[in-house]
Amino acid sequence: LPLERGIIVDLGQVFWTYINCKGNSVKVMSEIARRSESYHGLEMALEAYLEVIMALQPNRMYLRALVPLLFIQLGRDDEAYNFIKFWFKNTPKGQG
């Protein structure tokens, strides 16, 4: 372990490194699923995007734009509508 060897670890940096890797891996995963027309892959990407959005509020909120598209690609139009409606209703003005 790094602490046992006297190495100081910035846990904030570790967290952001993990989050950046997760965000990029989700992006790649969704692109692969889209190109291979994998329904299960798109579902996995959707769940991962939702997880990243919830973990990083209010940062990375631009990912909200991708989630409805994934819902629509999965044939879940009502859920896409509800997602958009929820975020319009619950986003403070000037934060959109």
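As a reminder, the structure under discussion sits directly above these lines.
Reference entry: report on the structure contained in this document. No experiment lies behind these values; they were computed from the predicted model shown. (Residues numbered from 1 in each chain as written. Predicted model: local features only at pLDDT ≥ 70, side-chain atom pairs only at ≥ 80, totals over all residues. Heavy atoms only, no water.)

### Here's the deal with the packing of aromatic side chains
The final tally for this structure, using the stated rule, is three aromatic pairs. Ring centres 6.2 Å apart and planes at 55° place the aromatic pair F71 and F83 in the tilted group. Of this pair, F71 sits in helix 3 (residues 66-73) while F83 sits in helix 4 (residues 77-90); the two residues are twelve residues apart in sequence, bridging distant segments of the chain. What makes F71 buried here is its relative accessible area of 6%. Taking relative accessible area as the criterion, F83 reaches 13% and is therefore assigned buried. An aromatic cluster of three or more residues is present, and its members are F71, F83, F86 and W87. (Phe/Tyr/Trp six-rings, centres within 6.5 Å; stacked < 30°, edge-to-face > 60°. Helix = DSSP H or I, 4+ residues; strand = E, 2+ residues; numbered from the N terminus. Buried < 20%, exposed > 50% of the residue type's maximum accessible area, 1.4 Å probe, protein only.)

### Here we look at unusual backbone geometry
Backbone geometry places E37, a non-glycine residue, at a positive phi of 55°. Along the chain, E37 turns up in the loop between helix 1 (11-35) and helix 2 (39-55).

### Focus: the nonpolar core
Residues L46, Y49, I53, V67, L70, F71 and F83 are the most contacted members of the largest nonpolar core, which totals 19 residues. Contributing elements (two or more residues each) for this core: helix 1, helix 2, helix 3 and helix 4. The element that contributes the greatest number of residues to this core is helix 2, accounting for seven residues. Among all residues touching L70, those that are not within four sequence positions of it are R34, L42, A45, L46 and Y49. (Core = buried A, V, L, I, M, F, W, Y, C linked by side-chain atoms within 4.5 Å. Contact = heavy atoms within 4.5 Å.)

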